[in-house]
Amino acid sequence: PTTQLYDNIHNFFTTGFSQRHTVDVEGGGDVTTYRLSGSYFDQKGIIPQTGYQRLTLGLNGTVKVSKKFNI
């Protein structure tokens with residue numbers, strides 16, 4: 001009854017958290033089209049000093065060279 005108990009599990013783990021943000025821009029005309037996208041992801045783990053971050057960028061487009069050929 002006099003033994004002191006410690007709650008190491010409750011003091012060690014924390015609440016996890018994640019968020020994601022995405023932006024896309026798209027446009028063009030009769031001859032050209034384009035699309036630019038960006039994404040940011042952030043995750044904090046339940047164990048201290050753990051997590052994951054990612055930044056993604058993308059760019060693509062087309063150009064109509066002739067009636068039958070696109071680049």
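Residues numbered from 1 in each chain as written. Predicted model: local features only at pLDDT ≥ 70, side-chain atom pairs only at ≥ 80, totals over all residues. Heavy atoms only, no water.

## So, the pattern of salt bridges
Tallied over the full model, the rule gives 3 salt bridges. Note that D24 and R35 form a salt bridge whose closest N and O atoms lie 3.3 Å from each other. In this pair, D24 is assigned in strand β1 (residues 17-28) and R35 in strand β2 (residues 32-44), connecting sequence segments 11 residues apart. Overall, D24 belongs to the partly exposed group, its relative accessible area being 43%. Here R35 falls in the partly exposed class, since its relative accessible area comes to 34%. Residue D42 pairs with K44 through a salt bridge whose shortest N-O separation is 3.1 Å. Salt bridges sharing partners connect three or more residues here, namely D24, E26 and R35. (Salt bridge = Lys/Arg side-chain N within 4 Å of Asp/Glu carboxyl O. Helix = DSSP H or I, 4+ residues; strand = E, 2+ residues; numbered from the N terminus. Buried < 20%, exposed > 50% of the residue type's maximum accessible area, 1.4 Å probe, protein only.)

## Here's the deal with the sheet that holds β1
On the basis of which strands lie adjacent, the open sheet formed by 3 strands has the order β1-β2-β3 and antiparallel pairing. The open sheet has two free edges, formed respectively by β1 and β3 (51-63), since each of these has just one partner strand. Here the average twist between neighbouring strands, direction ignored, is 5°. Bridging between β1 and β2 involves 12 bridges; their strand directions are antiparallel. Pairing of S18 across the sheet is with Q43, part of β2. (Pairing = 2+ DSSP bridges. Axes fitted to C-alpha atoms, helices over the stretch in contact; angles between N-to-C directions.)

## Comments concerning a nonpolar patch on the surface
On the surface, a nonpolar cluster with roughly 460 Å² of combined accessible area is contributed by I9, F12, F13, I46 and I47. By the secondary structure assignment, I9 is in helix α1 (residues 8-12). A relative accessible area of 58% means that I9 is categorised as exposed. (Patch = residues over 30% accessible without salt bridge, like charges linked within 9 Å, V, L, I, M, F, W, Y side chains within 5 Å. Areas by Shrake-Rupley, 256 points an atom, 1.4 Å probe, with all protein chains shown as cover.)

## A closer look at the environment of L57
In this structure, L57 sits in strand β3. For L57, a relative accessible area of 69% gives the class exposed. Through-space distance from the C-alpha of L57 to that of L36 is 7.6 Å; in sequence the pair is 21 residues apart. With residues near it in sequence (within four places) discarded, L57 still touches S37 and G38. (Contact = heavy atoms within 4.5 Å.)

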